[in-house]
Amino acid sequence: MQTENKFFEDISKFLNGAAGTVAGMTREAEAGVREKAKEWIGGLEFVSRDEFEAVKAMAAAARDEVDTLKTRIAALEAAGQ
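(A) Region of interest: a nonpolar patch on the surface. A surface patch of nonpolar side chains, amounting to about 560 Å² of accessible area, comprises F7, F8, I11, F14 and L15. Structurally, L15 can be placed in helix α1 (residues 2–42).

(B) Just the environment of V66, in detail. Its place among the elements puts V66 in helix α2 (residues 49–80). Exposure remark for V66: the relative accessible area of 41% places this residue in the partly exposed category. For the pair V66 and F7, spaced 59 residues apart in sequence, the C-alpha to C-alpha distance is 86 Å.

(C) Inspection of the pattern of salt bridges at higher detail. For the structure on display, the rule yields 3 salt bridges. Across the pair K6 and D10 runs a salt bridge whose closest N-O atoms are separated by 3.6 Å. With K6 and D10 both in helix α1, this residue pair falls 4 residues apart, about one helical turn. Exposure remark for K6: the relative accessible area of 44% places this residue in the partly exposed category. For D10, a relative accessible area of 36% gives the class partly exposed.

Conventions and cut-offs
Residues numbered from 1 in each chain as written. Predicted model: local features only at pLDDT ≥ 70, side-chain atom pairs only at ≥ 80, totals over all residues. Heavy atoms only, no water. Patch = residues over 30% accessible without salt bridge, like charges linked within 9 Å, V, L, I, M, F, W, Y side chains within 5 Å. Areas by Shrake-Rupley, 256 points an atom, 1.4 Å probe, with all protein chains shown as cover. Salt bridge = Lys/Arg side-chain N within 4 Å of Asp/Glu carboxyl O. Helix = DSSP H or I, 4+ residues; strand = E, 2+ residues; numbered from the N terminus. Buried < 20%, exposed > 50% of the residue type's maximum accessible area, 1.4 Å probe, protein only.

The following block contains the structure:
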């Protein structure tokens, strides 16, 4: 009876150790994948939402100014003829 308990105890210890090892390997793999993803995404030169909105506003202002200048040029050309 004592032998059977020792056998199951040894198997239990072995399985617990294996589970711990697998969990550690999983954590290391996840950390490695996260690091590679950060490197890859960092190399793509994404812009932040704030930067995008600022450039969008600048483009809209430039379009408005072009429209105003086109109107002025047309008025000057009409006055010159």
